[in-house]
Amino acid sequence: MRLPNSLYGWREQNHDVASKRRSFSGAGRLWEKPRTKKFWWWLALMGIGGLAILGCGGQGGGPDGGEGSAATSAGPEGVPQGVRLPEKPPTTGRGVLEAMAAAYQSAPRYADAGELRFYVRRGEEVLDNKVDFAVSFVRPNRLRMEVYQVKLVCDGQRLRAAIDDLPGQVLELPAPAALSLKNILSDSILAEVLTGGIVGGPPQPLLLLEKDALQQILQRAQEPELIEPGTINNQECYRVAIRRPEGQQVFWVDKKTYLLRRIEYPTDLLADQLGAGAKPEQISLAAEFHSATFSPPEDPKAFTFETPADAKVVKYFIPPDPRSLPDPAQLLNKPAPEFKFTDLSGKPITAKDLAGKVVYLDLWGPQCQPCRQMLPLVEKVFQKYKDNPNVAFLAVSVAPPNMENKELEQIFAELKVTLPMVRDLEGQGGRLFMVQAIPASFLIGKDGRVQDYQLGFQANLETELPAKIEKLLAGEDIYQAAQAQFQEKVRQYEAALQRAMEGKPPEGAETQQQEIPRAEIHPKTEPSAFRLSPLWKWQEGAEPGNLLLVDRPDGTPRILVVDRFKKVLELSPEGKLLNTYDLGLQPQE
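Residues numbered from 1 in each chain as written. Predicted model: local features only at pLDDT ≥ 70, side-chain atom pairs only at ≥ 80, totals over all residues. Heavy atoms only, no water.

A. Focus on the sheet that holds strand β24 (residues 544-551). Reading across from one edge, β24-β25-β26-β27 is the order of the 4 strands in this open sheet, with antiparallel pairing throughout. What marks the edges here is a single partner per strand, and that holds for β24 and β27 (577-582). Each strand of the sheet is rotated relative to its neighbour by a mean of 20°, with strand direction disregarded. One ladder, built from 5 bridges, connects strand β26 (residues 567-571) with β27; its direction is antiparallel. Looking at β27, one finds that V568 is bridged to Y581. (Pairing = 2+ DSSP bridges. Helix = DSSP H or I, 4+ residues; strand = E, 2+ residues; numbered from the N terminus. Axes fitted to C-alpha atoms, helices over the stretch in contact; angles between N-to-C directions.)

B. Representation of the packing of aromatic side chains in the model. This model, assessed by the stated rule, comprises 12 aromatic pairs. Arranged with centres 5.8 Å apart and planes meeting at 55°, the rings of F133 and F289 form a pair that is tilted. Of this pair, F133 sits in strand β6 (residues 125-138) while F289 sits in the loop between β15 (282-288) and β16 (312-314), and the two are 156 residues apart along the sequence. Just as F133 is buried, F289 falls in that class too. (Phe/Tyr/Trp six-rings, centres within 6.5 Å; stacked < 30°, edge-to-face > 60°. Buried < 20%, exposed > 50% of the residue type's maximum accessible area, 1.4 Å probe, protein only.)

C. Just the state of the cysteines, in detail. The full count for this structure, using the stated rule, is 1 disulfide. The disulfide bridge from C368 ends at C371, spanning 2.4 Å between sulfur atoms. Looking along the S-S bond of the C368-C371 disulfide, the torsion reads about 80°, which is the right-handed sense. Looking at C368, the relative accessible area reads 0%, which means it is buried. (Disulfide = S-S within 2.5 Å.)

D. Spatial organisation of the sheet that holds strand β10 (residues 169-174). Judged by pairing direction, the sheet is mixed, and its 12 strands sit side by side in the order β11-β12-β13-β14-β15-β5-β6-β7-β8-β9-β10-β16 without closing on themselves. The sheet is open, and its two edges are formed by β11 (225-232) and β16, each paired on a single side. On average, each strand axis in the sheet is inclined to that of its neighbour by 20°, with strand direction left out of account. The pairing of strand β14 (residues 260-264) with β15 spans 3 bridges and is antiparallel. What sits directly across from R262, in β15, is E288. Contacts between helix α2 (residues 93-106) and the sheet are confined to β5 (109-122), β11, β12 (235-244), β13 (247-254) and β14, with β12 contributing the most and set at about 115° to the helix. (Contact = heavy atoms within 4.5 Å.)

Structure below.
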């Protein structure tokens, strides 16, 4: 269970938070990276979806059909010759999107600067995150992209890229004759950064490089609707609503140039994941494409890339040096952090209060199932040492401050756990002990040095923990084993870096890549022996999902439907709603 710092302090998230993020971002994902296994979850970044990645590919032909034909003569001021614009204004949402796609696919050059802004207000708490981006491109293969963590430059000869979270690495590849999404996403880590953000991949490369851009944009969506127009910086814009089960996107398209000026993203699922407490009064997520233009001025320095003198030039990115990341291993054999927790009576508990004792800290949370499974195991070891004045156990709750003590005590009562409980009301535990997930446990020796740590559920805790405590009571050090594991990670990183510099594939990786064949949908045919006919259609749920059929004692079916993972709906065989069962889950569960 991950415990990121958030607007509301530490919050707990279910193990399925990654899939929840994907389901949300599916509402805004306009293009996907190649199908590669996600080794690099640590690179998921807020704000990547605001990127304006621009490349140059093939003959950028516009969509067929639509409202009117596209003209290639010189258009409005700021639109160079060659950019295809409609001869008459579109009158439908689809028509606006078709005209926008045609303009991008025919544009010989493009540039913009902008930001992705995530704004939340709940009571007196306000979060206002902005991520800047800037892009320049000229067909067929010159590109500069500086966005959040990524700096990518293709000068027509070489494609180079750097990622802030991978200091000391510069990717360098031969430039293709014409850039494509496949080129940009050819490196798996770079692809993960560019597509793993809160709103998925950006629309520009899709619009510029893919002939089926509109089809991908409208995947799983209802027919786009042209809604009330708007104005951005005195520029009149069409507004097109794209609705999916996850929520509504709104594209703001310039009425004169058909440049994309803004995208508003759905926020319903984000609001549900903001932790305990009331829902925010205001929440918005939008990409602003400031100064977007099809006529950028010439800049001879736009496509230069200076490789730092101390950088390692690699043929593919590798995960970061473990020494550059927060890791509990860095605390080993060092004085424990100066923590301050609070017991249930309100008394502060600090590292100094426990001086001279062997201390076991167990960081846990009420919504964390592995934590609940492990606490009874810790309880068994605690019973062995509870009367030993030289040993102290603390179950450190990272529950939100607004959760009452009695709720935590009720959990312990249900688990039959009597461990001394303290609370991390200031949300400092994760930062001080360099952990991002629970359960996490630490052993501190009598001299105050960190001797051991464990992350995740420990099935053998009941036998392994007492052995460690006994060694610490006898004055022995035990940090060497965990320290050796960290040093092995460093060795593996250095070996992987050398292979990446030489262009050799990662150790143990398959060197052969195969294209996934495109699926062909054959015409619909009717079965010759059996025929299906619709009995009824039910559309009353907010977001119906999994369906389960259970036979009643009399043989009639009981139809159960999960609705947005919050309720279970029971339907009759005739499709009528019989009962609604509220699961009572909190938004963060």
